[in-house]
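As a plain string of letters, each chain reads:
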Amino acid sequence: MNLTAKNWILVVGARPNFMKIAPLIRAIDKYNNASLSPLVTIHYLLVHTGQHYDASMSDAFFRDLRLPEPDLHLGVGSGNHGEQTGKVLIEFEKVLLKEQPDLVIVVGDVNSTLACALAAVKLQIRVAHVEAGLRSFDRRMPEEINRLLTDAVSDYLFTPSPEGDENLSKEGIPSEKVFLVGDIMVDSLLYHLDQAKKTNILARLGLSNALTSCLQIRSADDGLQSGVLPYALMTLHRPANVDDKPALERIMRGLLEVSADFPILFPVHPRTAKQIKAFGMESSFQFHSSADIKPQDYFEGKALKRRIHCFEPMGYLDFLNLMVHAKVVLTDSGGIQEETTVLNIPCITLRDTTERPITLTEGTNVLVHNDPEKIVAEVKKVRDGQRRQSQCPSLWDGHTAERVVAILVKHG
Ligand code: UD1
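Residues numbered from 1 in each chain as written. Predicted model: local features only at pLDDT ≥ 70, side-chain atom pairs only at ≥ 80, totals over all residues. Heavy atoms only, no water.

> What's the story with empty space enclosed by the protein in this structure? I'm lost.
Gaps left between atoms are located by rolling a probe of water-molecule size over the structure's atoms. Within the structure shown, the criterion is met by one cavity of 30 Å³ or more. Of the volumes computed, that of the largest cavity is approximately 30 Å³. V130, E131, F158, T159, P160, V181, G182, D183 and I184 are the residues that line the largest cavity. (1 Å grid on protein atoms, 1.4 Å probe; cavity = no way out; pocket = protein on both sides within 12 Å on 5 of 7 lines; lining within 4 Å. Points joined across faces, edges and corners; volume = space filled by probe spheres on them.)

> Explanation requested: the sheet that holds strand β6 (residues 156-159) in the structure shown.
A sheet is described by the order of its strands in space; here seven strands give the open sequence β3-β2-β1-β4-β5-β6-β7, paired in parallel fashion. Only two strands of the sheet have a single partner each, and these edge strands are β3 (72-73) and β7 (178-180). Seen against the sheet, helix α3 (residues 81-99) touches β1 (4-12), β2 (40-48), β3 and β4 (103-107) and runs at an angle of roughly 170 degrees to β1. (Pairing = 2+ DSSP bridges. Helix = DSSP H or I, 4+ residues; strand = E, 2+ residues; numbered from the N terminus. Contact = heavy atoms within 4.5 Å. Axes fitted to C-alpha atoms, helices over the stretch in contact; angles between N-to-C directions.)

> Explanation requested: the pattern of salt bridges in the structure shown.
Opposite charge on two side chains lets them pair, provided their charged atoms get close. Summed over all chains, the structure comprises 23 salt bridges. Note that K87 is salt-bridged to E83, the shortest N-O span being 3.9 Å. One end of the pair, K87, and the other, E83, are both in helix α3, four residues apart, so they sit about a helical turn from each other. E83 sits in the partly exposed class, given a relative accessible area of 40%. Close ionic contact of E91 with K94 constitutes a salt bridge, the shortest N to O distance being 3.2 Å. Pair noted here: E91 and K94 are both in helix α3, with a separation of three residues, about one helical turn. By relative accessible area, E91 is classed as partly exposed at 28%. What emerges from the salt-bridge pattern is a single network uniting K20, D109, E131, E144, R147, E338, R351, E355 and R356. (Salt bridge = Lys/Arg side-chain N within 4 Å of Asp/Glu carboxyl O. Buried < 20%, exposed > 50% of the residue type's maximum accessible area, 1.4 Å probe, protein only.)

> What should I look at first to understand the side chain of R238 in this one?
One can find R238 in the loop between β8 (232-234) and α10 (239-242). Within the structure, the side chain of R238 is placed 2.8 Å from the backbone oxygen of D332, a separation counted as a polar contact. (Polar contact = N/O pair within 3.5 Å; in protein donor to acceptor, adjacent residues only side chain to side chain.)

> So what exactly am I meant to see when it comes to the site of the ligand here?
Around the ligand lies a shell of 21 residues, among which Q51, H52, E143, R271 and K274 are the nearest. One of the side-chain nitrogen or oxygen atoms of E143 is found 2.6 Å away from an oxygen atom of the ligand. Contacts to the ligand include H269, whose side-chain N or O atom sits 2.8 Å from an oxygen atom. Burial of the ligand by the protein amounts to 90% of the accessible area it has alone, namely 730 Å². Secondary-structure elements contributing two or more residues to the shell around the ligand are α1 (15-33), α3, α5 (142-153) and α12 (270-278). Classifying every residue of the shell around the ligand by side-chain character gives six nonpolar, nine polar and six charged. (Near = heavy atom within 4 Å. Areas by Shrake-Rupley, 256 points an atom, 1.4 Å probe, with all protein chains shown as cover. Nonpolar A, V, L, I, M, F, W, Y, C, P; charged D, E, K, R; others polar.)

> Help me understand the environment of P313, please; the structure alone is not making it clear to me.
On the secondary structure map, P313 appears in the loop between β11 (308-311) and α13 (316-325). Counting along the chain gives 45 residues from P313 to V268, while the straight-line C-alpha distance between them is 5.4 Å. Ignoring sequence-local partners within four residues, the contact set of P313 consists of R15, S56, M57, P267, V268, H269 and P270.

> Explanation requested: the sheet that holds strand β14 (residues 365-367) in the structure shown.
Note: strands within a sheet are paired through backbone hydrogen bonds, in either parallel or antiparallel orientation. Taken together, the seven strands give an open sheet; going across it, the order is β10-β11-β9-β8-β12-β13-β14, and neighbouring strands pair in parallel fashion. The sheet terminates laterally at β10 (286-287) and β14, the two strands that pair on one side only. Bridge analysis of strand β13 (residues 347-349) against β14 gives three bridges, and the strand direction is parallel. If you follow I348 over to β14, its bridge partner there is V366. α13 contacts β8, β9 (264-267) and β12 (328-331) of the sheet and is inclined by roughly 140 degrees relative to β8.

> Got a minute to help me understand the packing of helix α11 (residues 245-258) against helix α16 (residues 372-383) in this structure?
The angle between the axes and the distance between the axes are what describe a pair of packed helices. One way to put it is that α11 packs onto α16 with a least axis distance of 7 Å and a crossing angle of 30 degrees. With respect to α16, the axis of α11 lies roughly parallel. Considering how the two elements wind past one another, α11 and α16 form a crossing that is right-handed. In this structure, α11 uses R250, I251, R253, G254, E257 and V258 to contact α16, whose residues at the interface are P372, I375, V376 and V379. (Parallel < 35°, antiparallel > 145°, perpendicular 65-115°, else oblique. Left-handed = near helix turned anticlockwise from the far one by under 90°.)

> Looking at this structure, I do not really get the packing of aromatic side chains. What am I missing?
Note on aromatic pairs: each is described by the distance of the centres and the angle between the planes. This structure, assessed with the given rule, holds five aromatic pairs. Judged by centre distance (6.1 Å) and plane angle (35 degrees), the rings of F18 and F61 are tilted. With F18 in helix α1 and F61 in helix α2 (residues 55-64), this residue pair connects regions lying 43 residues apart in the sequence. Judged on exposure class, the residue F18 and its partner F61 are both buried. Their ring planes at 40 degrees and their centres at 6.1 Å tell us that F266 and F285 sit as a pair that is tilted. One end of the pair, F266, is in strand β9; the other, F285, is in the loop between α12 and β10, and 19 residues separate them in sequence. F285 shares its class with F266; the two are buried. An aromatic cluster of at least three residues, connected via ring pairs, comprises F18, F61 and F62. (Phe/Tyr/Trp six-rings, centres within 6.5 Å; stacked < 30°, edge-to-face > 60°.)

> Hey, could you run me through the pairing of β4 in this one?
The element β4 is largely enclosed, with a buried count of five among its five residues. Pairing of β1 with β4 involves three bridges; the strand directions are parallel. When the sheet's bridge partners are listed, I9 is paired in β4 with V104. As defined by bridge partners, β4 adjoins strand β5 (residues 126-130) across five bridges and the pair is classed as parallel. From the neighbouring strand, V107 faces β5, where its bridge partner is V130. With helix α4 (residues 111-122) bridging β4 and its parallel neighbour β5, the resulting β-α-β unit is right-handed. (Right-handed = clockwise from strand over helix to strand, strands pointing away.)

The structure is reproduced here in structure tokens:
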């Protein structure tokens, strides 16, 4: 006999949301199908705000993560912060008034996260925030404002690590609202890891297989392992790095030196692509459509002058496979700092703060800001085998979403 139905709305908006919602959907489906829980059924709607809309920033992730089609798409698109946040607020409020859910679940720290939390709380609908409590203490970052305000209005705050609980406690958030559950991104990572390793991205980029003969010749010099050419993987999209020409030029100085050791593979975010063009910096990069790197380019000097190889943004599985095999990852993303910690891959973060300090203390992460000398020095450490090893933080075990669902069913 089914006594209670719960009506939840799950929100996604931008690329880093998708891998945090996918495990929740799996956990809800698992809960509904479990014979132990016949008294409660969870009905849910998946709402996509449309903050990210390019196929490579959104559709590819739905496919790779096997997310269901969104039940509702708000089609909000890009804009200044106020405009984008405001549009989501207006459109999501209409959804809430029509659907009257018991609970809205938001994840992460993007503009859609804050806008949907705010729309819900104003209608006295309870809000659960997954990935609560992270703080960079840098209010110049739009995400920091989103984190602070989302946490301030949420009813259930799910933290990935103990610093999150401490931050929330200092902000006066009652401990009854806070639940340490682990890192939900790690659920996606562990769930998809084997599948990711089977994608053919390494061969497509000429980093394995086709290279066998070259690799055999060079393996003694390069310390090649498992037949994969050594490379650095990079992502860069923070406004502080890519909207500011002097900052980007400083980073470039470091990168060009690094690329003498390792070719740098760089899937480029649309914001960054626009800025590279606007600053007239295209000549420092080698742009590729995804499949046209030829292995011999690495060796015949064609690519040697410009060894920062740019691609369209990659899907989740291809990027994960590239991360697994990278010698080193350079990034200004938040999530990648966590993923490299779990994978035990060296991570050099092109920022001066992190909202994920556990990746510094327990993981492989190091902060270098936009300092070219530090960038080069840290890559040299990796090259010289002086890399840090990580230990996986507690509760980053692939079961965070199940804990979230169990808590929400019990308390909600
Ligand atoms: C957003 C998040 C950031 C996250 C990043 C991951 C906020 C405040 N920022 O930043 O935390 O790390 O997503 O990607 O929410 N664009 C496209 N196609 C798209 C999406 C964006 O061309 O599908 C271009 C547009 O010109 C847009 C710009 O990229 O103006 C920036 O997009 P936006 O969603 O505003 O912020 P992100 O930099 O992507």
